[in-house]
Amino acid sequence: MRNMNSQPWIQLRFDGATQWKHAVQQIRPSLVSIQTLLLVLFVTAATWRGAGQVATGETVIQKATEEFENSPMKTTSVGKSVFMLSGDGGNITAIADGGSTLLIDSGMDSRVTELSDAIAKATMRPVTRLVNTHWHFDHTGGNVYFGAAGVTIIAHENVKKRLTSVQDVPFTGMHDGHYPPQALPTLTYSNSMTLSQGSQQLALFNYGPAHTDGDTIIYIAPANVAVVGDIFSNHNYPIIDLASGGSIDGMIHSLDQVLAQTDEQTKIVPGHGLVATRADLQDYRDMLVQVRQRIKALISAGKAIDEAVAAAPTKDFDAKWGSGYVPPDVFTKMVFTSLLHSGNASQ
Ligand SMILES: [Zn+2]
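Residues numbered from 1 in each chain as written. Predicted model: local features only at pLDDT ≥ 70, side-chain atom pairs only at ≥ 80, totals over all residues.

## A look at the sheet that holds strand 1 (residues 74-79)
Inference 1: An order of 1-2-3-4-5-6-9 is seen for the seven strands of this open sheet, with the pairing classed as mixed. A single partner strand is all that each edge strand has here, and the edge strands are strand 1 and strand 9 (187-189). Sheet twist, expressed as the mean angle between neighbouring strand axes with direction ignored, is 20°.
Inference 2: Both strand 3 (residues 89-96) and strand 4 (residues 101-104) contribute to a ladder of four bridges, which runs antiparallel. Considered in strand 4, the bridge of I95 is made with L102. (Pairing = 2+ DSSP bridges. Helix = DSSP H or I, 4+ residues; strand = E, 2+ residues; numbered from the N terminus. Axes fitted to C-alpha atoms, helices over the stretch in contact; angles between N-to-C directions.)

Below, the structure written as structure tokens:
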């Protein structure tokens with residue numbers, strides 16, 4: 001367990017795991033009876049187990065961070081010289097050419113050297129360019145490391161704006177910013193941009209605010225890979241970052257664009273979770289549309305946010321989508337608030 005304080009501009013805590021570690025470190029078997037030792041381990045193990053299952057009061061970000069700090073790093077090939085690295089936060093894509101690696105997202109700050117080693121092993125080429133799919137800490141945490149090494153950081157213009165100010169994401173417990181100068185994008189775009197990396201062409205698109213107001217979708221050809229960032233988590237209800245301009249309507253709009261640009265053979269790299277197919281993306285998009293419709297109906301019926309949560313509008317989807325770090329009640333609140341602010345709840 002690494003300490004989140006290694007990244008001082010992110011104010012996060014997750015006490016269950018650290019309590020467990022400290023309790024074990026502080027026990028001196030020669031000074032305590034076996035009974036006391038067993039009792040301490042039993043109590044702290046219960047705390048730890050609770051922390052892994054959305055313990056009471058644990059925020060979405062605490063639970064996500066715990067997962068990102070502890071998941072094993074995995075490398076998956078998704079095409080010729082194209083790799084997905086997962087475990088240390090959002091999924092990372094690495095594309096190698098003859099002399100360099102282009103990276104999409106940079107994971108957690110606390111695991112960046114582990115990431116760097118995994119990239120070197122997979123591509124055997126140094127990282128020279130880094131594209132961020134959006135500003136969140138689990139996708140930009142390694143920016144300081146790579147930026148300080150002279151890597152060109154590329155992102156939508158609003159990523160730079162978000163990283164240079166303090167951000168609070170409603171319903172998640174996320175409080176983040178200002179990032180140091182070396183973490184900031186040095187090359188930005190507003191609608192679309194193209195890059196090439198060896199034989200692969202990258203088309204970067206922003207389809208308007210969706211998960212945040214600075215999302216980038218990257219199509220890689222001829223590998224036929226679409227890196228979609230956090231507009232899709234496989235299988236998790238998504239975070240909709242309402243403070244960064246995100247909305248349920250924007251998420252669905254962006255997903256419809258991706259569905260129009262991909263085919264049955266396209267490998268979809270989600271922001272989190274396993275590589276998916278276009279059919280998986282369609283299934284997820286249809287779930288979002290149904291949840292939006294149900295919550296619109298609750299708003300039209302005059303329900304308050306807590307009444308909407310109590311009505312369990314996601315109930316039949318929860319088994320598939322609701323066991324991750326965004327529980328059904330949090331997702332319902334995000335969609336409810338998004339629709340209320342968009343003013344189209346009565347349509
Ligand atoms: Zn995100």
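Moving on, there is more to tell.
## Some details on the environment of D168
Inference 1: Here D168 is to be found in strand 7 (residues 167-169).
Inference 2: Sequence separation of D168 and L242 is 74 residues, and the distance between their C-alpha atoms is 9.4 Å.
Inference 3: What D168 contacts, discounting residues up to four positions off in sequence, is H175 and A243. (Contact = placed C-beta atoms within 7 Å.)

## Side note on the confidence of the model for the protein chain
Inference 1: Predicted confidence across the protein chain gives a mean pLDDT of 86, with 83% of residues reaching 70 or more.
Inference 2: Of the regions scoring below 50 in pLDDT, residues 1-55 engages in 55 contacts with residues more than four places distant in sequence or in other chains. (pLDDT = per-residue confidence, 0-100.)

## Observations regarding the sheet that holds strand 14 (residues 267-273)
Inference 1: Strand order in the open sheet formed by five strands is 10-11-12-13-14, with mixed pairing between adjacent strands. Unpaired on one side and paired on the other, strand 10 (192-197) and strand 14 mark the two borders of the sheet. Neighbour-to-neighbour, the strand axes of this sheet turn through a mean angle of 25°, independent of strand direction.
Inference 2: Sheet topology note: the strand 13 (residues 225-234)/strand 14 ladder contains six bridges and is parallel. Counterpart to V227 in the pairing with strand 14 is V269.
Inference 3: The sheet strands contacting helix 8 (residues 248-261) are strand 12 (217-221) and strand 13, and the helix crosses strand 13 at an angle near 150°.

## Examining the environment of I154
Inference 1: Relative to the helices and strands, I154 is located in strand 6 (residues 152-156).
Inference 2: For I154, a count of 22 C-beta atoms within 10 Å puts it in the buried group.
Inference 3: It is 5.2 Å that separates the C-alpha atoms of I154 and P185, two residues lying 31 residues apart in sequence.
Inference 4: With sequence-adjacent residues up to four places away left out, I154 is seen in contact with R129, L130, V131, P185 and L187. (Buried ≥ 20, exposed ≤ 12 C-beta atoms within 10 Å, placed from the backbone.)

## Some details on the packing of helix 8 against helix 9 (residues 278-300)
Inference 1: One way to put it is that helix 8 packs onto helix 9 with a least axis distance of 10 Å and a crossing angle of 155°. On the basis of their axis angle, the class for helix 8 and helix 9 is roughly antiparallel. In the packing of helix 8 onto helix 9, the handedness of the crossing is left-handed. The residues of helix 9 that touch helix 8, namely those facing I248, M251, I252, L255, V258 and L259, are R278, L281, Q282, R285, L288, V289 and R292.
Inference 2: The class makeup of the residues in the contact of helix 8 with helix 9 is nine nonpolar, one polar and three charged. (Parallel < 35°, antiparallel > 145°, perpendicular 65-115°, else oblique. Left-handed = near helix turned anticlockwise from the far one by under 90°. Nonpolar A, V, L, I, M, F, W, Y, C, P; charged D, E, K, R; others polar.)

## Considerations on the nonpolar core
Inference 1: Counting residues in hydrophobic clusters, the biggest one holds 80 residues, and the most contacted among them are I218, I220, A226 and V228.
Inference 2: Look past the residues within four positions of I218 in its chain and what remains in contact with it is I104, V131, L202, L204 and V227. (Core = buried A, V, L, I, M, F, W, Y, C linked by C-beta atoms within 7 Å.)

## Some remarks on the pairing of strand 2 (residues 82-87)
Regular strands place side chains that alternate from one sheet face to the opposite one.
Inference 1: Most of strand 2 is tucked away, with six of its six residues classed as buried.
Inference 2: The side-chain alternation of strand 2 yields two buried faces, one formed by V82, M84 and S86 and the other by F83, L85 and G87.
Inference 3: Hairpin geometry of strand 1 and strand 2 is characterised by an intervening segment of two residues between the two adjacent antiparallel strands and by a positive phi of about 60° at S81.
Inference 4: By the bridge criterion, five bridges tie strand 2 to strand 3 in an arrangement that is antiparallel. Bridge assignment links F83 to a residue of strand 3, and that residue is A94.
Inference 5: Connecting the antiparallel pair strand 2 and strand 3 is a turn made up of one residue.

## A closer look at unusual backbone geometry
Inference 1: Residue H178 is reached from G177 by a cis peptide bond, and omega for that bond is -25°.
Inference 2: Tracing the chain through its elements places H178 in the loop between strand 8 (174-176) and strand 9.
Inference 3: In this structure, P222 follows A221 across a cis peptide bond, with omega equal to 5°.
Inference 4: Inspection of the secondary structure puts P222 in the loop between strand 12 and strand 13.
Inference 5: Positive phi values are uncommon outside glycine, yet N224 reaches one of about 60°.
Inference 6: Tracing the backbone shows N224 in the loop between strand 12 and strand 13.

## A few points about helix 8
Inference 1: The first and last C-alpha atoms of helix 8 sit 20 Å apart over 14 residues, in line with the 20 Å expected at 1.5 Å per residue.
Inference 2: Of the residues making up helix 8, those classed as buried are I248, G250, M251, S254, L255 and V258. End-on, the buried residues of helix 8 take up no more than an arc of 160°, which puts them together on one face.
Inference 3: Elements that come into contact with the buried residues of helix 8 comprise strand 12, strand 13, helix 9 and helix 12 (328-342). (Expected span 1.5 Å × (residues − 1). Arc of directions from axis to C-beta.)

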